[in-house]
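# Fold and contact review
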Amino acid sequence: MSKPFFIKIIINAALITGGMIVFWMLLNAVFDGSIWEGMEISNSALKTEYCEYNNVEKLFHQSMNTYSNLAYFFFGVIIMQIGLSDIKNKNKQSKLEKFPALSILFGICLIYLCFGSAFFHASLTYLGQRVDMNGTYSISIVLFGIALYSVFTKIEFSDKAKKVWLVFLILCILAFIKIALFISSTKFLSGIILIQSLLVLVIYFQNRKEKSIILAISSLVLMIIAVKIRSLDVQKVGCDPASFYQGHSVWHLLTALSSFCSYAFFRFSKK
């Protein structure tokens, strides 16, 4: 992918995201918190899990924690554009480049997480919390699916096999709507990140001339920092409920960037 084309993709994503920010601001100005009345309140809201003030009079009960989800939207739009361009590109090099639908699915999952998490922080409802978590599981499942697909460097998957893998990942995401009620999200996500990190190492040593270990390390470091900041926010360390700075908002920004770095490791080559 040429540098000018990649810059064009980033500009397109920035413009679309900017439009979404304006649209959300209009929604927050026109509607109020009464739209969420009658919906079950989330456990998170009942125990005041996050630092930001819960302004029940506004449509977005937690404004910063809502708007910051657009980071997922921004990177999701970028990745979807990459996937769509890979469909047209006949000179495919990386393994993921040869499976554009997988990139598109990952981009969709990031956008799904954007709206799911925004719904949760805007409403602080139980339904919003469930959609938010399913969005989180979706990007974890698809990234793990990308890692498993990429580790078989010597095997060329048929179009039928790719379709089966795609459907399987989608079914896993849907299944986690129910499975999530019976498992520890912390243990599951930690486990899948650990296994994925091991797969990344295998892929790197298989393709050291092509893969950037900097991207892989950056993704992991960003995730570790994000987890620490989220933890401090939950513990109310340095907490100012009315501040523009909110630790959980930074969590959204860093995890979105971490996810993109992981994707970039699989998709791009140093050549």
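These remarks concern the structure in this document. Residue numbering note: each chain is counted from 1, following its sequence as written. Reporting in this predicted model follows two pLDDT cut-offs: at least 70 for local features of residues, and 80 or more for side-chain atom pairs to be given and counted; totals over whole chains, interfaces and linings ignore these cut-offs and use all residues. No hydrogens and no water enter the side-chain calculation; it runs on all heavy atoms of the structure.

### A few points about the overall build of the protein chain
Put simply, the rule reads: Under the DSSP-based scheme used, a helix requires at least four consecutive residues in state H or I and a strand at least two consecutive residues in state E, with every element numbered from the N terminus. Each radius of gyration reported is based on C-alpha atoms, and the globular scaling rule is 2.2 Å times the count of residues to the power 0.38. Only protein chains enter the accessibility calculation, which uses a 1.4 Å probe. A residue is then buried if its area is under 20% of the maximum for its type, exposed if over 50%, and partly exposed in between. Note on contacts: a residue pair qualifies if any of its non-hydrogen atoms lie within 4.5 Å across the two residues. To measure how exposed things are, a 1.4 Å probe is used in the Shrake-Rupley method; for residues, cover is taken only from the protein chains shown. A positive count includes Lys and Arg, and a negative count includes Asp and Glu. His and the chain ends are not counted in either. The atoms used to mark charge sites are NZ of Lys, CZ of Arg, CG of Asp and CD of Glu.
From N to C terminus, the protein chain includes ten helices and zero strands. Each helix and strand of the protein chain, ordered N terminal to C terminal, gives the series α-α-α-α-α-α-α-α-α-α. Radius of gyration (C-alpha) of the protein chain: 19 Å, near the 18 Å computed for a compact globule of 271 residues. Dimensions of the protein chain along its principal axes, counting C-alpha atoms only, are 55 × 40 × 35 Å. Across the 271 residues in the protein chain, those meeting the buried criterion constitute 47%. Pairs at least 24 apart in sequence give 81% of the contacts found in the protein chain among residues at least 6 apart. Accessible surface, the protein chain as shown: approximately 14,000 Å² in total, 70% of it carbon and sulfur. Of the charged side chains in the protein chain, 25 are positive and 14 negative, and the gap between their average positions amounts to 16 Å.

### Some details on the packing of aromatic side chains
Put simply, the rule is: Put simply, two rings from Phe, Tyr or Trp (the six-membered ring, in Trp's case) pair if the centres are within 6.5 Å, and we call them stacked under 30 degrees between planes, edge-to-face over 60, tilted for the rest. Each ring is checked for a lysine NZ or an arginine CZ that lies within 6 Å of its centre and within 35 degrees of its normal; such an atom marks a charge sitting over the ring.
Within the structure shown, the criterion is met by 19 aromatic pairs. Summarising the aromatic geometry, the rings of F106 and Y263 are spaced 5.9 Å apart at their centres and angled 15° between planes, so their arrangement reads as stacked. Pair noted here: F106 is in helix 5 (residues 100-123) and Y263 is in helix 10 (residues 247-267), with a separation of 157 residues, a long-range link. The exposure class of Y263 is buried, given its relative accessible area of 0%. Each member of the aromatic cluster is reached from another via a ring pair, and the members are W24, F60, Y67, F73 and F115. When the ring centre of F265 is taken as reference, the NZ or CZ atom of K211 above it lies at 5.8 Å. Geometry around W251 places R230 over its ring, the cationic atom sitting 5.6 Å from the centre.

### Things to note about the state of the cysteines
As a reminder, the rule being used: The rule for a disulfide is simple: a pair of cysteine sulfur atoms within 2.5 Å.
For the coordinates displayed, the defined rule picks out one disulfide. Here C109 is not cross-linked by a disulfide; its sulfur's nearest cysteine counterpart is in C172, at 11 Å. Judged by relative accessible area, which is 3%, C109 ranks as buried.

### Focus on helix 7 (residues 159-179)
To keep things clear, this is the line we draw: To estimate how far a helix should extend, the number of its residues minus one is multiplied by 1.5 Å. In this description, the arc belongs to the directions extending from the helix axis to the C-beta atoms.
Compared with an ideal rise of 1.5 Å per residue, which puts 21 residues at 30 Å, helix 7 spans 30 Å between its outermost C-alpha atoms and is within 8% of the ideal. What helix 7 keeps buried is the set K162, L166, L169, I173 and F176. Considered in projection along helix 7, the buried side chains sweep an arc of 85° and stay on one side of the axis. Away from its buried face by more than 90 degrees, helix 7 exposes K160, K163, V164, L171 and K178. Where helix 7 is buried, its residues touch helix 5, helix 6 (126-151) and helix 8 (185-206).

### Some points on the nonpolar core
The test is simple: Remark: nonpolar core denotes a set of buried residues (Ala, Val, Leu, Ile, Met, Phe, Trp, Tyr, Cys) joined through side-chain atoms within 4.5 Å.
Counting 63 residues, the largest nonpolar core has L102, F106, V142, I146, Y263 and F266 as its most contacted members. The contact partners of F106, leaving out residues within four places of it in the chain, are I79, I139, V142, L143, I146, S259 and Y263.

### Concerning the pattern of salt bridges
The line we're drawing: The working definition used for a salt bridge is a side-chain nitrogen of Lys or Arg within 4 Å of a carboxyl oxygen of Asp or Glu.
Applying the stated criterion across every chain yields a total of four salt bridges. Here D86 makes a salt bridge to R267, at a shortest N to O gap of 2.8 Å. Pair noted here: D86 is in helix 4 (residues 70-88) and R267 is in helix 10, with a separation of 181 residues, a long-range link. Owing to a relative accessible area of 1%, D86 belongs among the buried residues under this scheme.

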